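The lines below spell out each chain.
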Amino acid sequence: MTAMSKVLVVEDDAAIRRLLRAALQRGGHQVAEAATAREGLSLLDIEKPDVVLLDLGLPDRDGLELIQPIRARSQATLLVVSARESTEEKVTALDLGADDYVTKPFDTDELLARIRTALRHRLAGRVEAGRVEIGDVAIDLEHRRVMRGTEEIHLSPKEYGVLAELAARPDRVISHGQLLKAVWGPAQADRVDYLRIVVRNIRQKLEADPARPRLIINEPGVGYRLGRG
Ligand code: CA
């Protein structure tokens, strides 16, 4: 089902485009390529990609400025692929609406795995909206219930809030600030300490081994993502 998904690569470096094209085709994807921001936006409308790989250092515009226009015009999964390593840049990209952030130089197998995961979540999200399963944990967003195996797990409102935010967008890294704003409110947006405590509690209740979490994964300095189980 995901075999012929289309990936739009927006990248000005021809050598990296070639590398990405080869890897993506090997992974069974169709590929469209743009070398500038302007070309990227026009191909977005023409090609209707399932996934966009977006470089930030583009000749005509900063890639960060493209995230919101892409989000506004397309349902595509948006992965930033950039040499910029600052966590601030990652947080900005995620807060603007990117789904994930991959740092150059990247491992092509890891990149393909992230694309597969994102597409699978997108597909699963369409098939069964409101229910997310990771390993033996099932999150029912409609009825606000969390099951581990056959046992219902009772979470505090904050614990449930954080888990639900992550589960609502299972293919994304959600920044600390986004989670805090959504669950605690804008005034507490920098209380990462509150968030850490709540995540630790969720792990105690839901992870088989809380010291090696598979359900809620850290993106150090950036935020959290839902694991693959
Ligand atoms: Ca570049």
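Each remark here, short or long, concerns the structure printed above.
Residues numbered from 1 in each chain as written. Predicted model: local features only at pLDDT ≥ 70, side-chain atom pairs only at ≥ 80, totals over all residues. Heavy atoms only, no water.

Within the fold, Ser175 resides in strand β10 (residues 173–175). Side chain to side chain, Ser175 and Asp95 meet in a polar contact 2.6 Å long. Contact partners of Ser175, with chain neighbours within four places excluded, come to Val91, Asp95, Val222 and Gly223. (Helix = DSSP H or I, 4+ residues; strand = E, 2+ residues; numbered from the N terminus. Polar contact = N/O pair within 3.5 Å; in protein donor to acceptor, adjacent residues only side chain to side chain. Contact = heavy atoms within 4.5 Å.)

This part takes up empty space enclosed by the protein. Gaps left between atoms show up when a probe the size of a water molecule is rolled over them. Scanning the model with the defined rule gives two cavities of 30 Å³ or more in all. Roughly 40 Å³ of internal volume is contained in the second largest cavity. Leu8, Val10, Gly40, Leu41, Leu44, Val52, Leu66 and Ile70 are the residues that line the second largest cavity. Those elements that provide at least two residues to the lining of the second largest cavity are β1 (6–10), α2 (37–47) and α3 (64–73). Considering every element that reaches the lining of the second largest cavity, the biggest residue donor is α2, with three residues. Taken together, the residues that form the lining of the second largest cavity break down as seven nonpolar, one polar and no charged. (1 Å grid on protein atoms, 1.4 Å probe; cavity = no way out; pocket = protein on both sides within 12 Å on 5 of 7 lines; lining within 4 Å. Points joined across faces, edges and corners; volume = space filled by probe spheres on them. Nonpolar A, V, L, I, M, F, W, Y, C, P; charged D, E, K, R; others polar.)

Within the protein, Asp12 (OD), Asp55 (OD) and Gly57 (O) serve as the donor atoms for the calcium ion, at 2.2 to 2.4 Å. When the donor residues of the calcium ion are listed from N- to C-terminus, their spacing reads D-x42-D-x1-G. Remark: Asp55 occurs in the loop between β3 (51–54) and α3 and Asp12 occurs in the loop between β1 and α1 (14–26); sequence separation between them is 43 residues. (Donors = N, O, S within 2.8 Å, 3.2 Å for Na, K, Ca; no water.)

Within the largest apolar cluster, 28 residues are counted, with the highest numbers of intra-cluster contacts made by Val146, Val162, Leu163, Leu166, Leu195, Leu206 and Ile216. Of all the secondary structure elements, the ones that give two or more residues to this core are β6 (131–134), β7 (137–140), α6 (157–168), α7 (176–183), α8 (192–206) and β12 (223–226). Membership of the second largest hydrophobic core comes to 22 residues, among which are Leu8, Val52, Val80 and Ala93. (Core = buried A, V, L, I, M, F, W, Y, C linked by side-chain atoms within 4.5 Å. Buried < 20%, exposed > 50% of the residue type's maximum accessible area, 1.4 Å probe, protein only.)

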